Amino acid sequence: ELDGSSTTHIITLGFDDGIDTPNPDSDADGLLDSWENSNFGNLSQSASGDPDSDGVGNLIEMKLGSDPNSSASTGLPVPSVSGLTPAGFTITFPTVTGLNYQVVGTENLAGTSWPNIGNQISGTGQPESVIDPLTNAPSRKFYKVQISSP
């Protein structure tokens, strides 16, 4: 009421997220169109494709921020292992939000068995750790971190 009258004025405001973009994955392959176009110039790639033959599929390369056209750029985390403590070995590794991580280990590289150590971990963007309790401490142990997309 600005002029002393009793007239009511109603102002309606609307808000949105300010993003007016089309579907970011128009071919529904799990890869962002912008990422495919930037790295390949087209939308003909698949999430499981591995054009640089480095063993890391396109979906994981996209989420890790690595170059899918260079086998030297895997973006894979480098785990570290603590010294033996009474609790066992602690395996620590960086994570990326939106990926799952599973630590596995073996005592014999000639074998094919890599049992899980601890539970699968969902990436948080922060380093995560898993403890291998080593109930019967072997003379040697090898570890790797498996990465998957949910």
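For the structure itself, consult the block above.
Residues numbered from 1 in each chain as written. Predicted model: local features only at pLDDT ≥ 70, side-chain atom pairs only at ≥ 80, totals over all residues. Heavy atoms only, no water.

**Things to note about the nonpolar core**
Our working rule: In plain words, nonpolar cores are sets of buried Ala, Val, Leu, Ile, Met, Phe, Trp, Tyr and Cys residues tied together by side-chain atoms within 4.5 Å. When accessible area is computed with a 1.4 Å probe and restricted to protein chains, residues below 20% of their type maximum are described as buried, those above 50% as exposed, and intermediate ones as partly exposed. Numbering of helices and strands runs from the N terminus; a helix is a DSSP stretch of H or I covering at least four residues, while a strand is a stretch of E covering at least two.
Phe-93, Tyr-101, Val-103, Val-130 and Tyr-143 are the most contacted members of the largest nonpolar core, which totals 14 residues. When contributions to this core are tallied by element, the ones reaching two or more residues are helix H2 (58–64), strand S2 (89–93), strand S3 (100–106), strand S4 (116–122) and strand S6 (142–148). Core analysis: the second largest hydrophobic core is formed by five residues, Trp-35, Phe-40, Leu-59 and Met-62 among them.

**Observations concerning helix H1 (residues 33–40)**
Where we set the bar: Comment: arc refers to directions from the helix axis out to C-beta atoms. In this description, contact between two residues means that some pair of their heavy atoms is separated by no more than 4.5 Å.
Residues of H1 that are buried include every one of Asp-33, Trp-35, Glu-36 and Phe-40, and no others. Considered in projection along H1, the buried side chains sweep an arc of 160° and stay on one side of the axis. In H1, the exposed positions angled more than 90 degrees off the buried face are occupied by Ser-34 and Ser-38. Next to the buried residues of H1 lie H2. Two residues or fewer past H1, Gly-41 is found with a positive phi of approximately 80°.

**Some points on the packing of aromatic side chains**
Worth spelling out the cut-off: Side-chain rings of Phe, Tyr and Trp (the six-membered ring for Trp) are treated as a pair once their centres are within 6.5 Å; stacked means planes under 30 degrees apart, edge-to-face means over 60, and tilted covers the remaining angles.
With the rule as written, the count across this model stands at three aromatic pairs. Each ring, one from Phe-89 and one from Tyr-143, has its centre 6.4 Å from the other, and the planes form 75°; the classification is edge-to-face. Within this pair, whereas Phe-89 is found in strand S2, its partner Tyr-143 is found in strand S6, the two being separated by 54 residues in sequence. When the centroid spacing of 5.7 Å and the interplanar angle of 35° are considered together, the rings of Phe-93 and Tyr-101 count as tilted.

**Focus: the environment of Ser-139**
Positionally, Ser-139 belongs in the loop between strand S5 (128–132) and S6. The sequence separation of Ser-139 and Glu-107 amounts to 32 residues, and the corresponding C-alpha distance is 8.1 Å.

**A word on the sheet that holds S2**
Put simply, the test is: At least two DSSP bridges between two strands are required for those strands to pair.
With antiparallel pairing, three strands are arranged side by side in an open sheet as S1-S2-S5. In this open sheet, the two edge strands, each paired with only one partner strand, are strand S1 (80–81) and S5. One ladder, built from five bridges, connects S2 with S5; its direction is antiparallel. Residue pairing in the sheet places Thr-92 in a bridge with Ser-129 of S5.

**Considering the sheet that holds S4**
Test applied: In this analysis an axis means a line fitted to C-alpha atoms, helices contributing only their contacting stretch, and an angle means the value between N-to-C directions, from 0 to 180 degrees.
Taken in spatial order, the three strands line up as S4-S3-S6 in an open sheet, and their pairing is antiparallel. This sheet does not close on itself; its edge strands, each paired only once, are S4 and S6. For this sheet, the mean inter-axis angle between neighbouring strands, taken without regard to orientation, is 20°. As judged from the seven bridges shared by S3 and S6, these two strands associate in the antiparallel manner. When the sheet's bridge partners are listed, Tyr-101 is paired in S6 with Ile-147.

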